[in-house]
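# Notes for the structure review
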Amino acid sequence: MRTPPSLLSLSIDSALLNLSNFSDLSPLPDHILLDLFLRTLKAGKLTEKILMLFMATGKDEVLALIQSLNIQLITPVLPTSKKMSQTNIGDDEVDIVIGALHADLTSFLNEWRPLFSRFHLIIVKDPDLREELKIPEGFNLHVYTKSDIDRVVGSSYTAINFSGYSCRYFGYLMSRKKYIFSVDDDCIPAKDDKGLSVDAVDQHITNLATPATPFFFNTLYDPFRKGTDFVRGYPFSLRSGVTCALSCGLWLNLADHDAPTQALKPGHRNSRYVDAVLTVPARALMPVSGVNIAFNRELAGPALFPGLRLAAEGKLRWETVEDIWCGLCVKVVCDHLGLGVKTGLPYVWRNDRGNAIESLKKEWEGVKLMEEVVPFFQSVRLSQAAVTTEDCMLEIVALVKERLATLDPVFARAAQAMADWIKLWKAVGSGSGSSRPSNG
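Residues numbered from 1 in each chain as written. Predicted model: local features only at pLDDT ≥ 70, side-chain atom pairs only at ≥ 80, totals over all residues. Heavy atoms only, no water.

### Structural notes on the overall build of the protein chain
- When helices and strands are counted, the protein chain shows 14 helices and nine strands.
- Within the protein chain, the proportion of its 440 residues that are buried is 53%.
- Long-range pairs, those at least 24 residues apart, make up 77% of the contacts in the protein chain between residues at least 6 apart in sequence.
- Put simply, the protein chain shows about 20000 Å² of open surface, and 54% of that area lies on carbon and sulfur atoms. (Helix = DSSP H or I, 4+ residues; strand = E, 2+ residues; numbered from the N terminus. Buried < 20%, exposed > 50% of the residue type's maximum accessible area, 1.4 Å probe, protein only. Contact = heavy atoms within 4.5 Å. Areas by Shrake-Rupley, 256 points an atom, 1.4 Å probe, with all protein chains shown as cover.)

### A short note on the layout of surface pockets
- As a volume, the second largest pocket reaches approximately 490 Å³.
- Forming the boundary of the second largest pocket are 22 residues, of which Cys248, Gly249, Leu250, Thr343 and Gly344 lie nearest the centre.
- Elements with a contribution of two residues or more to the lining of the second largest pocket: strand E6 (244–253), strand E7 (277–279), strand E8 (292–296) and strand E9 (340–350).
- At four residues, the largest contribution of residues to the lining of the second largest pocket is made by E6. (1 Å grid on protein atoms, 1.4 Å probe; cavity = no way out; pocket = protein on both sides within 12 Å on 5 of 7 lines; lining within 4 Å. Points joined across faces, edges and corners; volume = space filled by probe spheres on them.)

### Section: the side chain of Ser163
- Structurally, Ser163 is set in the loop between helix H6 (146–153) and helix H7 (168–174).
- Look at Ser163 and you get buried, because its relative accessible area is 10%.
- Among the polar contacts listed, one links the side chain of Ser163 to the side chain of Asn161, at a separation of 2.8 Å. (Polar contact = N/O pair within 3.5 Å; in protein donor to acceptor, adjacent residues only side chain to side chain.)

### Let's talk about a nonpolar patch on the surface
- A contiguous nonpolar patch, built from Leu38, Leu41 and Leu69 and spanning about 230 Å² of accessible area, is present on the exposed surface.
- Looking at the secondary structure, you find Leu69 in the loop between helix H4 (60–68) and strand E1 (94–100). (Patch = residues over 30% accessible without salt bridge, like charges linked within 9 Å, V, L, I, M, F, W, Y side chains within 5 Å. Salt bridge = Lys/Arg side-chain N within 4 Å of Asp/Glu carboxyl O.)

### Let's talk about helix H8 (residues 200–209)
- Counting buried positions along H8 gives eight out of 10 residues, so the element sits mostly inside the fold.
- All buried positions along H8 are accounted for by Ala200, Val201, Asp202, His204, Ile205, Thr206, Asn207 and Leu208.

### Considering the packing of aromatic side chains
- Counted under the stated rule, the structure contains 17 aromatic pairs.
- Measuring from ring centre to ring centre gives 5.3 Å for Tyr169 and Tyr172, while their planes differ by 75°; the resulting arrangement is edge-to-face. Taken together, the residues span about one helical turn, with Tyr169 and Tyr172 both in helix H7 at a distance of three residues.
- Ring centres of Phe224 and Phe230 lie 5.7 Å apart, and the angle between their planes is 85°; this geometry places the pair in the edge-to-face category.
- Clustering of aromatic rings is evident, with ring pairs tying together Tyr144, Phe162, Phe170, Trp421 and Trp425. (Phe/Tyr/Trp six-rings, centres within 6.5 Å; stacked < 30°, edge-to-face > 60°.)

### Focus on the pattern of salt bridges
- Summed over the entire model, instances satisfying the criterion amount to 13 salt bridges.
- Close ionic contact of Lys177 with Asp95 constitutes a salt bridge, the shortest N to O distance being 3.4 Å. You can see Lys177 sitting in the loop between H7 and strand E4 (179–183) and its partner Asp95 sitting in strand E1, a full 82 residues away along the chain.
- Relative accessible area serves as the criterion here: at 22%, Lys177 is assigned to the partly exposed category.
- On the accessibility criterion, Asp95 (1% relative accessible area) is buried.
- Linking Lys342 and Asp222 is a salt bridge whose minimum nitrogen-to-oxygen distance equals 2.9 Å. In this pair, Lys342 is assigned in strand E9 and Asp222 in the loop between H8 and E6, connecting sequence segments 120 residues apart.
- You can call Lys342 buried: its relative accessible area is 0%.

Structure representation (structure tokens):
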């Protein structure tokens with residue numbers, strides 16, 4: 001009688017079939033990892049992505065085996081040559097932008113090392129941060145400081161303030177890559193509902209590299225995700241979709257409440273991992289958060305800027321509205337230009353930070369402003385002459401001056417900041433990339 005396979009053998013066989021869905025193999029015991037690698041070789045499934053997955057574990061036995069076998073599957077095995085799974089997007093087409101509000105980035109970057117070591121990083125130091133940044137070795141990065149901001153921006157664009165969370169927008173300006181992934185420095189990689197590490201970059205790029213469907217809602221969510229499709233009655237004329245310009249990820253733990261809600265529910269945490277992506281319908285507004293987003297830089301970049309800022313704006317998420325304002329701008333622009341915005345996956349894990357009750361005093365002004373802001377953006381209709389994101393933004397500037405500026409001085413300042421941002425984007429952000437930081 002034939003001996004049945006062991007449970008361990010069956011588990012390794014199952015893992016072999018699903019290797020392309022894994023983002024982290026380091027939790028596996030050494031002997032199982034080694035057996036899985038050998039079976040991968042025997043089955044002829046050692047692709048570039050999977051080889052990098054094994055190498056990222058840092059396990060000595062696996063690395064020694066790869067070296068002893070002189071594996072030359074990829075030539076060369078470099079981060080810039082790797083292709084993102086499920087897409088034809090190369091790692092060299094993506095920038096990771098991080099706004100550094102805290103000096104010690106060691107723990108943050110080490111948590112992200114398995115993902116970020118493949119990419120070029122842009123780190124923008126909050127110009128109000130006095131301490132020197134602490135950055136671990138092993139990353140391909142540029143660091144921008146206050147002196148770089150002053151050198152690039154100069155005295156011509158005084159309405160733009162890059163302090164606090166807004167420092168990340170300077171990274172958007174300086175990037176020359178097609179796609180940007182931006183994450184706050186209080187976030188780390190999340191685990192999915194199976195306990196596996198989430199490859200946030202890959203999921204964002206998959207969202208951006210596959211079409212969006214804003215003009216007819218698909219009740220099975222994103223029809224371009226594996227395992228789903230268009231529902232009955234979906235017009236075939238709309239099934240090709242449109243280009244996705246913005247991918248808005250979510251996060252676990254600290255939910256995206258405003259300060260009043262968080263103050264009333266201090267113990268509430270977001271613990272539900274929902275495995276779904278959907279396109280936000282056309283003409284539906286949404287509050288974008290800069291905590292975890294990715295975007296097509298050419299299409300969405302000019303609409304993502306530090307515009308509306310509260311007079312008492314601080315260094316905590318509850319005390320800012322700048323990303324909500326530019327999220328409304330980018331959605332109106334995308335609707336007008338026939339572009340898509342997706343929300344849902346990927347998740348990150350967001351650590352607790354700040355006191356909601358203390359922040360309430362600062363954010364309350366922003367909460368009240370939204371009662372004027374949202375109806376305004378709901379009424380915005382752009383002209384057919386606006387054929388680029390920059391064109392659209394300048395028309396929104398004119399409408400803000402006309403309809404909102406007389407209600408509160410904060411809107412007049414926002415309009416000026418928007419106008420300056422577009423000038424700056426055209427002068428610097430569309431350049432060849434010659435403006436690099438002096439500190440390398």
